[in-house]
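Here's the letter readout for the chains.
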Amino acid sequence: MNEQLVYTFEVIVNGLMAGVLYALVALGFVLIYKASGIFNYAQGVMALFAAMTLVGIQNGQVPFAHLINAIFGTDVHKFGWSVHSFLAILFTVAVMVLLAWMVQRFVFRHLVGQEPIILFMATIGLAYFLEGVADLMWGSELKPLDVCMAQGNCLPQGMNGWLDNTTYDAWGTGVFIDNLDIVATIVAAILVIGLIVFAQYTKQGRAMRAVADDHQAALSVGVSLNFIWVLVWSLAGFVALVAGIMWGAKSGVQFSLSLIALKALPVLMLGGFTSIPGAIVGGLIIGVGEKLFEFLIGAPFLGGATENWFAYMLALLFLVFRPQGLFGEKIIERV
Amino acid sequence: MFYREAGDYSTTYAEDQQTFPIRFDRYRYYIVLFIAIVVVPFVVNDYWVNSLLLPFLIYAIAALGLNILVGYCGQVSLGTGGFMAVGAYACYKFMTGVDIWWGGELLFRLPEFNIFFSVIMGGVMTAIVGVLFGLPSLRIKGFYLAVATLAAQFFLVWLFNRVAWFYNYSASGQISAPERDLFGILITGPSVAPWAAYLFCLIFTIASAVIARNLTRGASGRKWMAIRDMDIAAEIIGVNPLRAKLTAFMVSSFFIGISGALFFAVYLGAVEVGEAFGIQKSFLVLFMIIIGGLGSIFGSFAGAAFLVLLPVALKVVGVDWFGWPTDIVAHLQLVIVGLLIIVFLIAEPHGINQLWRVAKEKLRLWPFPH
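These figures come from a predicted structure and were not determined experimentally. (Residues numbered from 1 in each chain as written. Chains lettered and ligands numbered in written order. Predicted model: local features only at pLDDT ≥ 70, side-chain atom pairs only at ≥ 80, totals over all residues. Heavy atoms only, no water.)

Considering the overall build of chain B
In step 1: In terms of helices and strands, chain B carries 15 helices and six strands.
In step 2: A compact globule built from 370 residues should have a C-alpha radius of gyration of about 21 Å, and chain B, at 21 Å, falls within 12% of that.
In step 3: In terms of its C-alpha atoms, chain B occupies a principal-axis envelope of roughly 75 × 60 × 45 Å.
In step 4: A buried classification covers 50% of the 370 residues belonging to chain B.
In step 5: Carbon and sulfur atoms make up 68% of the accessible area of chain B, which totals about 17000 Å².
In step 6: Of the side-chain charges in chain B, 23 are positive and 20 negative, and the distance between the mean point of each set is 8 Å. (Helix = DSSP H or I, 4+ residues; strand = E, 2+ residues; numbered from the N terminus. Rg over C-alpha atoms; globule rule 2.2 N^0.38 Å. Buried < 20%, exposed > 50% of the residue type's maximum accessible area, 1.4 Å probe, protein only. Areas by Shrake-Rupley, 256 points an atom, 1.4 Å probe, with all protein chains shown as cover. Lys, Arg positive; Asp, Glu negative; His and termini not counted. Charge placed at Lys NZ, Arg CZ, Asp CG, Glu CD.)

Considering the overall build of chain A
In step 1: The number of helices and strands found in chain A is 14 helices and zero strands.
In step 2: Along the chain direction, N to C, the helices and strands of chain A fall in the order α-α-α-α-α-α-α-α-α-α-α-α-α-α.
In step 3: Counting every position in chain A, which comprises 335 residues, the buried fraction comes to 54%.
In step 4: Relative to all contacts within chain A whose residues are 6 or more apart in sequence, the contacts with residues 24 or more apart total 73%.
In step 5: Carbon and sulfur atoms make up 66% of the accessible area of chain A, which amounts to about 15100 Å² in all. (Contact = heavy atoms within 4.5 Å.)

With respect to the pattern of salt bridges
Residues and elements named next belong to chain B.
In step 1: Overall, the coordinates contain two salt bridges over all chains when judged by the stated rule.
In step 2: Among the salt bridges present, the one from arginine 28 reaches aspartate 25, with a minimum N-O distance of 2.9 Å. Here arginine 28 pairs with aspartate 25, and both are found in helix H2 (residues 23–43), just three residues apart, close to one helical turn.
In step 3: Taking relative accessible area as the criterion, arginine 28 reaches 26% and is therefore assigned partly exposed.
In step 4: On the accessibility criterion, aspartate 25 (11% relative accessible area) is buried.
In step 5: We note a salt bridge from aspartate 229 to arginine 228, for which the minimum N-O separation is 3.1 Å.
In step 6: For arginine 228, a relative accessible area of 33% gives the class partly exposed. (Salt bridge = Lys/Arg side-chain N within 4 Å of Asp/Glu carboxyl O.)

What about helix H5 (residues 115–134) of chain B?
Residue and element names in this part refer to chain B.
In step 1: Compared with an ideal rise of 1.5 Å per residue, which puts 20 residues at 28 Å, H5 spans 28 Å between its outermost C-alpha atoms and is within 8% of the ideal.
In step 2: Residues of H5 that are buried include every one of Ile115, Ser118, Val119, Gly122, Gly123, Thr126, Ala127, Val129, Gly130, Phe133 and Gly134, and no others.
In step 3: The opening residue of H5 is asparagine 114, an N-cap whose side-chain oxygen sits 2.8 Å from the backbone nitrogen of phenylalanine 116. (Expected span 1.5 Å × (residues − 1). Polar contact = N/O pair within 3.5 Å; in protein donor to acceptor, adjacent residues only side chain to side chain.)

Considerations on the side chain of threonine 53 of chain A
In step 1: Mapping threonine 53 of chain A onto the fold places it in helix H2 (residues 43–59).
In step 2: The residues touching threonine 53 of chain A, leaving out its near neighbours within four places in the chain, are Thr92, Val95 and Trp138 of chain A.

Notes on the interface of chain B and chain A
In step 1: Tallying the contact residues gives 44 residues for chain B and 51 residues for chain A.
In step 2: Of the roughly 4500 Å² buried between chain B and chain A, counting both surfaces, carbon and sulfur atoms make up 81%.
In step 3: Looking at the side of chain B facing chain A, the largest losses of area belong to Phe143, Tyr144 and Trp158 of chain B, adding up to 17% of the total buried there.
In step 4: Put simply, chain B and chain A have zero salt bridges between them. (Buried area = accessible area lost by both parts, 1.4 Å probe.)

A word on helix H10 (residues 241–268) of chain B
Residue and element names in this part refer to chain B.
In step 1: Under the 1.5 Å per step criterion, the end-to-end length of H10 is 38 Å for 28 residues, consistent within 8% with the ideal 40 Å.
In step 2: The largest bend along H10 measures about 30 degrees and falls at leucine 262.
In step 3: The buried count for H10 comes to 20 of 28 residues, which makes it a mostly enclosed element.
In step 4: The N-cap of H10, judged by a side-chain oxygen 3.1 Å from the amide nitrogen of leucine 242 a few residues on, is asparagine 240.
In step 5: Backbone geometry just after H10 places glycine 269 at a positive phi near 85 degrees. (Bend = angle between axes of the 7 residues up to and from the residue.)

Looking at the packing of helix H4 (residues 80–96) of chain B against H10 of chain B
Relative orientation and spacing of two packed helices are given, respectively, by the angle between their axes and the distance between those axes.
Residues and elements named next belong to chain B.
In step 1: Put simply, H4 and H10 touch, their axes get as near as 7 Å, and they point 60 degrees apart. Taken as a pair, H4 and H10 cross one another with a handedness that is right-handed. Only Ile256, Gly257, Ser259, Gly260, Ala261, Phe263, Phe264 and Ala265 of H10 make contact with H4, whose side of the interface consists of Thr80, Phe83, Met84, Gly87, Ala88, Cys91, Tyr92 and Met95.
In step 2: Looking at the contact of H4 with H10 residue by residue, the classes come out as 11 nonpolar, five polar and no charged. (Axes fitted to C-alpha atoms, helices over the stretch in contact; angles between N-to-C directions. Left-handed = near helix turned anticlockwise from the far one by under 90°. Nonpolar A, V, L, I, M, F, W, Y, C, P; charged D, E, K, R; others polar.)

Observations concerning the pairing of strand S5 (residues 185–188) of chain B
Residue and element names in this part refer to chain B.
In step 1: Sheet topology note: the strand S4 (residues 180–182)/S5 ladder contains three bridges and is antiparallel. For arginine 180, the partnering residue across the bridge sits in S5 and is threonine 188.
In step 2: Hairpin connection between S4 and S5: a loop of two residues separates the two successive antiparallel strands, and phenylalanine 183 in this loop has a positive phi of roughly 50 degrees. (Pairing = 2+ DSSP bridges.)

Concerning the side chain of threonine 123 of chain A
All names here are of chain A.
In step 1: Examined against the element boundaries, threonine 123 turns out to sit in helix H5 (residues 116–138).
In step 2: A relative accessible area of 0% means that threonine 123 is categorised as buried.
In step 3: From its side chain, threonine 123 meets the backbone oxygen of phenylalanine 120 in a polar contact 2.6 Å long.
In step 4: Setting aside anything within four residues of it in sequence, one finds threonine 123 in contact with Ile38, Phe39, Asn40, Tyr41, Ala42 and Phe108.

As for a nonpolar patch on the surface
In step 1: A surface patch of nonpolar side chains, amounting to about 1000 Å² of accessible area, comprises Tyr27, Tyr30, Ile31, Phe34, Ile35, Ile37, Val38, Val39, Phe42 and Val43 of chain B.
In step 2: Mapped onto the elements of the fold, tyrosine 30 of chain B is located in helix H2. (Patch = residues over 30% accessible without salt bridge, like charges linked within 9 Å, V, L, I, M, F, W, Y side chains within 5 Å.)

What about the confidence of the model for chain B?
Residues and elements named next belong to chain B.
In step 1: On average, residues of chain B score 84 in pLDDT, and 99% of them are at 70 or above.
In step 2: Least confident of the elements in chain B is strand S2 (residues 105–109), whose mean pLDDT is 74; most confident is H10, at 90.
In step 3: Here the complex is predicted with pTM 0.84, and the ipTM for its interfaces comes to 0.79. (pLDDT = per-residue confidence, 0-100.)

Considerations on the nonpolar core
In step 1: With 220 residues, the main nonpolar core has Phe108 of chain A together with Leu262 of chain B as its most contacted residues.
In step 2: For this core, the element with the most residues is helix H3 (residues 46–72) of chain B, which contributes 17 residues. (Core = buried A, V, L, I, M, F, W, Y, C linked by side-chain atoms within 4.5 Å.)

Description of the pairing of S2 of chain B
Residue and element names in this part refer to chain B.
In step 1: Summarising the sheet, strand S1 (residues 99–102) and S2 pair through four bridges and their orientation is antiparallel. The residue bridging isoleucine 100 from the neighbouring strand is phenylalanine 108, located in S2.
In step 2: The hairpin turn running from S1 into S2, its antiparallel successor, is two residues long, and glycine 103 in that turn takes a positive phi close to 60 degrees.

In structure tokens form, the structure reads like this:
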């Protein structure tokens, strides 16, 4: 196969994979936005927080060890055990649920009925707070994240080798695909299907959609707003955890993880704030678009690193012509 | 809020409409000005100027600018860092003489501008860029606009990083301010007297505050506030949204550009764009106006003072008194700032300005509160 073509394919595949991760973060945004009208800027930091908590629990780190040492002059770092990945993930989910409850109880219950922009700024504050807490709890250095599925070593022995061989040049075309990317795609697909099934066919899911549709009507038929909001924030926390694991396995758990939240914003604008398929499609478009633009135009003609702004510019141009996004509900203004 | 007070008579319209109608407020304002202009320059040393006063004055200008856009006109912007960068780079280019190239040849070179006019030009250029990026605000609103302004932030920072013309092809990719003087007194460069840098920034801060105050209580300010409160209703009563929003973007960017120019030329001396004018700066200035008070001039100053003081105070308490490592203090600072934002949004959405106003009212009536 032609070399240039192979490169282009690899770029597209890479873009698709990055897009999957953007889409995962964007998914968390959409969940919360649909149910409570809160535009949750802290989603990316939640992913960071979840990933750091996971690593911390896995390695048996003492939370706030650094701070405790500084205050009391002690020298504690680790409990001296390590937790199995699966258990650690369960614990982390529990932490995210607790976090969801606290956010709901201590922040947004007091802000009900405020303007959307005020809620948005509150989530920016929340993002700062969470980032500081995560750093204090687990330390801010770069941590490798080693979950079995990232390494592919929980598969049977022969299967892993077979997968490696097949993906090394993708069925003889010469295109290289990372195992991790395939895992990420499959997990994301399962997650999306699971969320859709949950929203469509379970009692809680229906209640969630009812709240998304109309708060007061939902209240009047006996749906507990508080419970639904905690539920939604927990779900978003879970999605953040998945995104955090994917991204962390790829490039380690570090601060830049929270910056993908910013990348998720143009994804949302492209896909529409209220649409789950929109988040996925938007994520893929942005992922492929920025990689292709960098490859075809950015690197040869503009001096590179166009990935930093391409997504925002695309969203900006897009918004001027279609303010509600690809799949969003039409914006109707009433006086 | 008390606008008038017993025994405080005005006999002319001019007196009736002045900025500080209460005599006590007016005198307090004069005293603050007097201390800032006449007393402070004689007593400050290097530490005070560089770690407190200069950042306070410069951030106060940026906060004023952003407050006009967000607090008065209701258009949320996250592009402050990018606009400050425009001010800084424009100031740099005008300081060192703008060179225009065409087809590989030097077409012409402007003479080097005086530092004062360079800073002004920094503001003017930023105003132009701000209007360009403000154009989408006519179609998109709320946090859609906030995200759109992120485009400005990232694009501008990238532009100044990649296009060598902006940093005069220097090898490091940084811009550093050459020595420039005003009336023979050094303003920029490594060997500036603290009081000179302080006074230079103070002039701009006072001028900005006076301009901002008068703009916001005049016709244009009322139009901005009408747009903020309800844009459709404002349009129906005859406010042109195009003009109102774009003038808000223009004035706001002008101030932010000036603060960026000062930040680079007087305060830091040399900047690397991603570091000095990154997205964190945008949030910092936004936090200043949230904490200080959206839609208030005093609030911009209070918020700037608060967020400049906070890290310094934390450092003094944490590192110097308790002997904690600096990274813990930095993380604690994040936690505290985040908490403060949330607490202010919940408890006092109008910020420090409102606290100050309530305190003043209580003190006026004290000890007979009825």
